[in-house]
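Residues per chain are reported as follows:
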2 protein chains.
Amino acid sequence: MTGARRTGEFDLIERFFKPLSRAAPGAFALGNDGALLTPPEGESVVVTKDLMVAGVHYPENEEPSTVARRLLRVNLSDLAAMGANATAYALGLALPEDVADAWVEAFAAGLAQDQEAFGVALIGGDTVATKGPAVLSLTAFGTVADDACLNRAGAGVGDDIYVSGSIGDAALGLRAVRGALAALAPEDRAALAERFRLPEPRLALGAVLVDVATCAIDISDGLVADLGHLCTESGVAARIAADAVPLSEPAQRAIAAGVAAIGDLVTGGDDYELLFCAAPPARGTVDALGQRLGLAVTRIGTIERGEGVTIADADGRPLTLGRTGYAHF
Amino acid sequence: MTGARRTGEFDLIERFFKPLSRAAPGAFALGNDGALLTPPEGESVVVTKDLMVAGVHYPENEEPSTVARRLLRVNLSDLAAMGANATAYALGLALPEDVADAWVEAFAAGLAQDQEAFGVALIGGDTVATKGPAVLSLTAFGTVADDACLNRAGAGVGDDIYVSGSIGDAALGLRAVRGALAALAPEDRAALAERFRLPEPRLALGAVLVDVATCAIDISDGLVADLGHLCTESGVAARIAADAVPLSEPAQRAIAAGVAAIGDLVTGGDDYELLFCAAPPARGTVDALGQRLGLAVTRIGTIERGEGVTIADADGRPLTLGRTGYAHF
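Computed from a predicted model, the values in this text were never measured in an experiment.

Draft legend 1. Here's a closer look at the packing of aromatic side chains. Residues and elements named next belong to chain A. Inspection of the entire model under this criterion finds 5 aromatic pairs over all chains. For the ring pair tyrosine 162 and phenylalanine 276, a centre distance of 5.1 Å and an interplane angle of 10 degrees mean the geometry is stacked. Residue tyrosine 162 is located in strand 6 (residues 160-164), and its partner phenylalanine 276 is located in strand 9 (residues 274-278); the two are separated by 114 residues in the primary sequence. Of the two residues, tyrosine 162 and phenylalanine 276, neither departs from the other in class, the shared state being buried. Between arginine 70 and the ring centre of phenylalanine 196, over which it is positioned, the NZ or CZ distance is 4.3 Å.

Draft legend 2. Broad picture of helix 4 (residues 169-177) of chain A. All names here are of chain A. Within helix 4, 7 of the 9 residues are buried, which leaves it mostly tucked inside the rest of the structure. Along helix 4, the residues classified as buried are Asp169, Ala170, Ala171, Leu172, Gly173, Leu174 and Ala176. On its buried side, helix 4 packs onto helix 5 (186-197), helix 8 (249-256) and helix 9 (262-267). Two residues or fewer past helix 4, glycine 179 is found with a positive phi of approximately 95 degrees.

Draft legend 3. Broad picture of the confidence of the model for chain A. For chain A, per-residue confidence averages 93 on the pLDDT scale, and residues scoring 70 or more make up 95% of the total. Long-range and interchain partners of residues 1-7 of chain A, a stretch whose pLDDT sits below 50, account for 38 contacts in this model, where long-range means more than four residues apart.

Draft legend 4. How the structure looks around the sheet that holds strand 8 (residues 237-241) of chain A. Residue and element names in this part refer to chain A. Spatially, the 6 strands line up as an open sheet ordered 7-9-6-10-8-11, and their pairing is mixed. The open sheet terminates on both sides in strands that have one partner only, identified here as strand 7 (215-218) and strand 11 (308-312). On average, adjacent strands in this sheet sit at an angle of 25 degrees to one another, irrespective of strand direction. Note: strand 6 against strand 9, 4 bridges, orientation antiparallel. Looking at the pairing, aspartate 160 lines up with alanine 278 of strand 9.

Draft legend 5. Region of the structure containing the interface of chain B and chain A. Taken together, the contact pairs 73 residues of chain B with 73 residues of chain A. Of the roughly 5800 Å² buried where chain B meets chain A, counting both sides, 58% is carbon and sulfur surface. Linking chain B to chain A there are 2 salt bridges. Of the charged contacts in the structure, one is a salt bridge between Arg152(B) and Asp33(A), with a shortest N-O distance of 3.1 Å. Per-element accounting of the side of chain B that touches chain A gives the leading share, 9 residues, to strand 2 (residues 43-53) of chain B. Residues of the side of chain B that touches chain A, tallied by class, amount to 38 nonpolar, 20 polar and 15 charged. Pairing geometry for strand 1 (residues 35-37) of chain A and strand 2 of chain B, over 3 bridges, is antiparallel. By the bridge assignment, Ala35(A) is partnered in strand 2 of chain B with Val47(B).

Draft legend 6. The arrangement of the relation of the copies chain B and chain A in detail. Rotating chain B by 180 degrees and moving it 0.0 Å along the rotation axis overlays it on chain A with an RMSD of 0.0 Å. Taken together, the rotation angle and the small translation identify this as a two-fold axis. The rotation axis passes nearest to the C-alpha of Gly132(B) in chain B, at a distance of 1.9 Å. When the interface residues of chain B are mapped onto chain A, 100% of them are again interface residues, pointing to one common binding face.

Draft legend 7. The arrangement of the nonpolar core in detail. Phe17(B), Leu91(B) and Phe107(B) are the most contacted members of the largest nonpolar core, which totals 56 residues. Look past the residues within four positions of Phe107(B) in its chain and what remains in contact with it is Phe17(B), Pro64(B), Ser65(B), Val67(B), Ala68(B), Leu71(B), Leu91(B), Leu93(B) and Leu136(B). With 55 residues, the next largest nonpolar core counts Phe17(A), Met82(A), Leu93(A) and Leu274(A) among its residues.

Draft legend 8. Molecular detail of the packing of helix 4 of chain A against helix 5 of chain A. All names here are of chain A. For the pair helix 4 and helix 5, interaxial distance at closest approach is 7 Å and the crossing angle is 110 degrees. Put simply, helix 4 runs roughly perpendicular to helix 5. Contacts between helix 4 and helix 5 involve Asp169, Ala170, Leu172, Gly173, Leu174, Ala176 and Val177 on the former and, on the latter, Arg189, Leu192, Ala193, Arg195, Phe196 and Arg197.

Draft legend 9. Summary view of helix 8 of chain A. All names here are of chain A. Three or more residues of helix 8 are buried, namely Pro250, Ala251 and Ala254. In a view along the axis of helix 8, the buried residues occupy a sector of 100 degrees, so they form one face of it. What points out from helix 8, more than 90 degrees from its buried face, is the exposed set Glu249 and Ala256. Buried-residue contacts for helix 8 involve helix 4, helix 5 and helix 9. Regarding helix 8, its N-cap is serine 248, as a side-chain oxygen of that residue lies 3.1 Å from the backbone nitrogen of alanine 251 further along. Where helix 8 ends, the next residue or the one after it, glycine 258, has phi of about 75 degrees, a positive value.

About the criteria used
- Residues numbered from 1 in each chain as written.
- Chains lettered and ligands numbered in written order.
- Predicted model: local features only at pLDDT ≥ 70, side-chain atom pairs only at ≥ 80, totals over all residues.
- Heavy atoms only, no water.
- Phe/Tyr/Trp six-rings, centres within 6.5 Å; stacked < 30°, edge-to-face > 60°.
- Helix = DSSP H or I, 4+ residues; strand = E, 2+ residues; numbered from the N terminus.
- Buried < 20%, exposed > 50% of the residue type's maximum accessible area, 1.4 Å probe, protein only.
- Lys NZ or Arg CZ within 6 Å of the ring centre and 35° of its normal.
- Contact = heavy atoms within 4.5 Å.
- pLDDT = per-residue confidence, 0-100.
- Pairing = 2+ DSSP bridges.
- Axes fitted to C-alpha atoms, helices over the stretch in contact; angles between N-to-C directions.
- Buried area = accessible area lost by both parts, 1.4 Å probe.
- Salt bridge = Lys/Arg side-chain N within 4 Å of Asp/Glu carboxyl O.
- Nonpolar A, V, L, I, M, F, W, Y, C, P; charged D, E, K, R; others polar.
- Least-squares fit on C-alpha atoms with pLDDT ≥ 70 in both.
- Core = buried A, V, L, I, M, F, W, Y, C linked by side-chain atoms within 4.5 Å.
- Parallel < 35°, antiparallel > 145°, perpendicular 65-115°, else oblique.
- Arc of directions from axis to C-beta.
- Polar contact = N/O pair within 3.5 Å; in protein donor to acceptor, adjacent residues only side chain to side chain.

Put into structure tokens, the structure is as follows:
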């Protein structure tokens, strides 16, 4: 945690970031070389790290508090996929040399807002200058009981496949952010854009899934791509029914208006819903969990022998997809 | 740990980074949303995070294996300053869109070499593309007994002040890397440049200091600046004797040749030596530790009441310094 090499940067940390560390005893108020994480007895620390680049993962002119909240949320989503209790995060900011204090202040305000909402605190990090676009790195920490951590490798043949929430909204939302989808009503465009901008990490669902799911992943690359990752890590295949995939009302209207197809939605990224598997006897339990949390949890298919992901249309025929997840590298 | 969005990036991870995770059971071979860190009973996880930007923290044309090793080492140095046992790291790479596979391969080879040397393994991360210079983020993890962690806040009035190794070499080394210091012999320039390029994290010293030091910090911003940080966090002042500061032979020859002054060396950054305090009765113990580790450990001053850092010349007069640490932000 060096790199703090000029009054300017110390000032930024002192003014905007130190207050974010107040709730974390192991953070030493950001006045140390590192921080301490002490998991409860019988639990481990879960670590995840996601980067965002200005102009790649968010528009350069995006509201800085939204950038901050999205950065935190996409990382918390990874913790949710492991069934972890989110506790803390470290921040690595490479900011343009001419970044305004107001930008940093608004960025920190976004973090403060979501820290409160998700019960996490800043424990450390580093801030440096770059001649290129901003590169924002966040490492999120949680805790999970040693024998309970969910991962991608546990899917068994015959397992049911579930997703939380609705699928494809963020991909449509990104199009809305870019000014497309004029065929939709403004409130639909706004709702979809919000789903892209501020995904909801499914921490509460992840935490209760540790007792029932055989595996889990969060949907960042797209339903088909991430289900593919699950299958690869578990050594199995998956078959899902296109018409079982849960769609929001704005997404249904986008399909009805002819501006989106189901294939776009199941391959679109950034939903940050949870995708998980459970054995058929657990159906009642899974339904009850969804109801208890007030969150749609939908069974969309089955794990099979073999490899790869098949999406069947209403007649049981495989849907042909143009792409599986989007690329930026 | 998403962001892996195109075959190209999955390939990079599969080919170059997955092998680096082999020794870490909680890494899930990088095939999961996150990783697990399970500290031994009675110990906590220590976290530290440092970024490097191409063209700011290292020359754009620097050998990629050296960039990787330096990135890892500056983070391990922070763990050393906390008395931690280094165990693992996560990597966040924002690389130029046109980065060559050979660059990534050499970068990974550098990590492999230093992983082996320092007993750590890769547990996860994220790789994205940027239109700007490379931004490299590393989060390093270690473990430390819950009651043993060193920090910056423990210096007491009357404590002795010590440093490991020699001071100012890296600042001279940076000048040598930039083609300066022509007055020195080529082997002196090479030795100094090496001290800048590949600092030595003092992990073994940090680990034994937990029983004897009252506080510690690693010298990244410069001896004077980092001693200032210690004093601020501890609420004390420091007085050091300029002629007690340990200098390498190349640094002594740089002073003799008139191309450097002691003021440059005590304010130059990037040495990554440990600066620590201990009570006077511990002098014998500290000397013995240094001898056991084969590492120079030099007493350079005393903690006093008040605030700020004073460097006294041979006549006891305060040295006037042009700067305290260098800035890039």
